[in-house]
Every structure is written in structure tokens, then in C-alpha cells.
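Structure at a glance
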Amino acid sequence: MADLENKETEVAEAAEEKKVKTEKAVDKKAKNEKSKKAAPKKNKVGFGARIKKFFKDYKSELKKIVWLSPKTTVQYTGMVLGMMIVVSVFIGLLDLGFSALLSLLAGLV
């Protein structure tokens, strides 16, 4: 008896789920049709207006930049140049060492 009631309940739930899915599909289709019809054409902005807006936005963005002081810029430039010298000396010494090692190996052969 309980099995029969469970089966009836399952059948009823399955039918309800199918009905809900069908209603959702119909609502979705109707919504898509409405959105296609209701979409008005957008007015295109002229080329000159777009260029003007670009430069206006460009100018406002440049105002937001926080520029370093000249003293700080010179300090950072000095640090970069110093590191370039240190790294180039290091690479030069490595090159000299490898060249000497290859010459030594070539003399053995």
C-alpha cells in the first residue's frame, strides 16, 4: 500500500517538474521575442565627438598620475645605472672564467 502511494507521489512530482520546465521554456522564448522587438536603434556618435571625448578622458587620466620629484627620479636613475654596471662586471667575469676554462680544456685535447 505504501509502495503504491510512493509511486503515485513520484509520478505526480515528475509531471509537476515537466510542467515547470515547459513553462520556463515558454517564458524564456517570449522574453527573447520581446527583447528583440523592444530594442531601439542607438544613435551613432560622430567621429569628431569621439575624438573630442578621447582627448578629454586622456587629459583627466593624466591629471590622476602621481609624478615623482626630480630628486627621486635622479636617485632611481643612479641606482639603475649602478646595478647595470655591477651586473655587466659580473657577466664579464663569468665570460672570462668560461673562456679560460675552455682554453684549458682545448689544450688537453
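Anything mentioned here points back to the structure above.
In short, a report on the structure. All values derive from a computational prediction rather than experimental measurement.

The rules we used
- What you see as residue numbers is a count from 1 along each chain, following the sequence as written.
- With pLDDT at 70 or above as the cut-off, local features in this predicted model cover only qualifying residues; side-chain atom pairs require 80 or more to be listed or tallied, and sums for whole chains, interfaces and linings still use all residues.
- Neither water nor hydrogens contribute to the side-chain values; these are computed over all heavy atoms in the structure.
- Numbering of helices and strands runs from the N terminus, with a helix taken as a DSSP run of H or I at least four residues long and a strand as a DSSP run of E at least two residues long.
- Areas reported as accessible are Shrake-Rupley estimates using a 1.4 Å probe. Residue values count occlusion only from the protein chains shown.
- To count toward a patch, a residue needs a relative accessible area above 30% and no salt bridge. Like charges then connect within 9 Å, nonpolar side chains (Val, Leu, Ile, Met, Phe, Trp, Tyr) within 5 Å.
- Note on definitions: salt bridges are taken to be side-chain nitrogens of Lys or Arg within 4 Å of carboxyl oxygens of Asp or Glu.
- By the counting scheme adopted, Arg and Lys are positive, Glu and Asp are negative, and His together with the chain ends is not counted.
- Note that the charge is assigned to NZ on lysines, CZ on arginines, CG on aspartates and CD on glutamates.
- Pairs were defined over the aromatic rings of Phe, Tyr and Trp, the Trp ring being its six-membered one, requiring ring centres within 6.5 Å. Orientation was assigned from the angle between planes: stacked under 30 degrees, edge-to-face over 60, tilted for the rest.
- Only protein chains enter the accessibility calculation, which uses a 1.4 Å probe. A residue is then buried if its area is under 20% of the maximum for its type, exposed if over 50%, and partly exposed in between.

A count of helical and extended segments in the protein gives three helices and zero strands. Reading the helices (α) and strands (β) of the protein from amino to carboxyl end gives α-α-α. When the accessible surface of the protein is summed, it comes to about 11,100 Å², and 67% of that surface belongs to carbon and sulfur atoms.

Together, Glu10, Glu13, Glu16, Glu17, Glu23 and Asp27 make up a negatively charged patch on the protein surface. In this structure, Glu10 sits in helix α1 (residues 2-38).

This paragraph deals with the packing of aromatic side chains. Taken as a whole and assessed by the stated rule, the structure comprises two aromatic pairs. Between Phe54 and Tyr58 the ring centres are 6.1 Å apart and the planes differ by 20 degrees, which places this aromatic pair in the stacked class. Of the two residues, Phe54 and Tyr58 are both situated in helix α2 (residues 47-64); the distance of four residues between them amounts to about one turn of the helix. We classify Phe54 as partly exposed; its relative accessible area is 48%. Aromatic rings pair up to connect Phe54, Phe55 and Tyr58 into one cluster.

What the rule picks out here adds up to two salt bridges. Residue Lys53 is joined to Asp57 by a salt bridge in which the shortest nitrogen-to-oxygen separation is 2.8 Å. Within this pair, Lys53 and its partner Asp57 are both found in helix α2, separated by four residues, close to a single helical turn. Owing to a relative accessible area of 51%, Lys53 belongs among the exposed residues under this scheme. Its salt-bridge partner being Glu61, residue Lys64 comes within 3.2 Å of it at the nearest N-O pair. Here the residue Lys64 and the residue Glu61 both occupy positions in helix α2, the gap between them amounting to three residues, near one helical turn.

Moving on: a nonpolar patch on the surface. There is a patch of nonpolar side chains on the surface, built from Met83, Val87, Phe90, Ile91, Leu94, Phe98, Leu101, Leu102, Leu104, Leu105, Leu108 and Val109 and spanning about 1,300 Å² of accessible area. Counting through the fold element by element, Phe98 comes out in helix α3 (residues 70-108).

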